[in-house]
Amino acid sequence: MSPRQITVLGECVADAFAEPASASNELALRVLPGGGPANTAVALARLGTPARFLARLSGDVFGRLFRSHLEASGVDLSDAVAATEPSTLAVAELDAQGQAAFSFHAQNTADWQWTPAELAGVDLSTTVCVHTGSLALVREPGGAVVEEFLAAASSRATISIDPNVRPLLVRPEVYRARLAHWCALADVLRLSEDDLELLLPGTPPERACDIWHAAGARLVVITRGADGVLASLDGERVRVPAVETRVVDTVGAGDSFTAGLLHHLGTRGHLGGRLTGLELDEVAEACAFATRVAALTCSVAGPNPPWQSQLAQLTTAESA
C-alpha cells in the first residue's frame, strides 16, 4: 500500500433517477452507485490517489453493483464488511438547473450498523488522511463508532469531515448537536452553502468559519456552486471562482470537490498530520484544482467523477 493512501469511511447508496417509461402508469428508474463517502473514494482513486473505502456493503443486487463500481475505479475494498442487511436506496428528482432532491429508503440498512469490532483491526500505518461524513456520522447505531474511530485515527492521520446534511432523513439539529465535536476531531471541514444554512441559519460564511475554527477545525472550505469557494485557514480567507461548465446535474459535485482538495493537498505532502506548514496560497491552489474536478462531474449525469486523464484533457483545452 502507498504511504499516501487516503482512507474513506461511510456509506454507499443506490441513487435512482426517474426516466421515461413505456407506459403512463409506470416509473422507470436508472440506478447509479452513489453516497457521499463512496463518491469521494471513487474520485480520489480516479485522480490517482490510493484510496481505501471502509464500508458495509450488502450482498444484494445494489451491493454487488457498488462493489463492481468501486473496484473498477481502483478503490481498495480489502477492509470493507460483507453485510447481511439491505443496501440504502435514494430516489433523486432533478429540477431545471440539475439540482437533486433526494428521498431516502434507509431504515435498518447496511450502512449504519458499524460495530467497534469491525473497525478495530483496520491498519492505518500507510494512511495519511481519514475522510468521512454525511449520514455515517449521525445515523445510529454506527455514528458513535465512527466518531471513536476518527478520534483514534487522529494520532497518525489528517482528519477530513464533510457533514453533507440530509434533512429529510436526519433532522438538522442532530448535526448541530455534534458539529462542535466533529470540529474538535477534524483538520479539514468541507461543506456546501446549503449545509451552512441548515447548520447555522442566517450566519454569514465568514462568521461560520470563525465559529468552526474556534471549535478546532484548521481549514474550513465552503463551496457555493456557481459563486465559487470560500476557504479559511486559521481565519485567513481566500475566495476561488467556480469553473464554468455545462451542467447536466450537480449530483456528486461536492464529493468530487472534496476528493480534488484532498488529492491536491496529499500530492504536495500536506496530509499526515495537523496541516502544519500549509499556507493560504497553497489552499487556493488546492481549491482551484478541486473546482475543476467538480465542474467535470457536473458536466455528466449522476455521481461520475473524472479520471486523471480527463482532467488533463480539460487543462489542454483551457490552454488552447
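Engineer: Any chance you could break down the overall build of the protein for me, citing the residues and the numbers?
Structural biologist: Helices and strands together make up the secondary structure of the protein, namely 10 helices and 14 strands. Based on the C-alpha atoms only, the size of the protein along its principal axes is roughly 60 × 50 × 40 Å. Sorting the 320 residues of the protein into buried and exposed places 56% on the buried side. Excluding contacts between residues fewer than 6 apart, the proportion of contacts in the protein whose partners are at least 24 apart in sequence is 71%. When the accessible area of the protein is evaluated, it comes to approximately 13,000 Å², of which 52% is carbon and sulfur surface.

Engineer: An account of the pattern of salt bridges is requested, with residue identities and associated values reported.
Structural biologist: Applying the stated criterion across every chain, the model contains 11 salt bridges. The partner of Asp187 in a salt bridge is Arg274, and the shortest N-O contact between them spans 2.7 Å. Of this pair, Asp187 sits in the loop between helix H5 (172-185) and strand S11 (188-192) while Arg274 sits in the loop between helix H8 (253-267) and helix H9 (280-298); the two residues are 87 residues apart in sequence, bridging distant segments of the chain. In this structure Asp187 comes out as buried when scored by relative accessible area, which is 4%. A single network of salt bridges, built from pairs that share partners, joins Arg56, Glu85 and Glu118.

Engineer: Any details on unusual backbone geometry? Residues and values, ideally.
Structural biologist: For residues that are not glycine, phi is negative in most cases, and the peptide bond is trans in most cases. For the bond from Glu140 to Pro141, the omega torsion is 10 degrees, close enough to zero to count as cis. Positioned with a positive phi, Asp234 is a non-glycine residue whose angle comes to about 50 degrees. When you line up the elements, Asp234 lands in the loop between strand S13 (229-233) and strand S14 (236-240). The residue Leu275 is not glycine, and still its phi comes out positive at about 65 degrees. For Leu275, the location among the structural elements is in the loop between H8 and H9.

The rules behind each value
Residues numbered from 1 in each chain as written. Predicted model: local features only at pLDDT ≥ 70, side-chain atom pairs only at ≥ 80, totals over all residues. Heavy atoms only, no water. Helix = DSSP H or I, 4+ residues; strand = E, 2+ residues; numbered from the N terminus. Buried < 20%, exposed > 50% of the residue type's maximum accessible area, 1.4 Å probe, protein only. Contact = heavy atoms within 4.5 Å. Areas by Shrake-Rupley, 256 points an atom, 1.4 Å probe, with all protein chains shown as cover. Salt bridge = Lys/Arg side-chain N within 4 Å of Asp/Glu carboxyl O.

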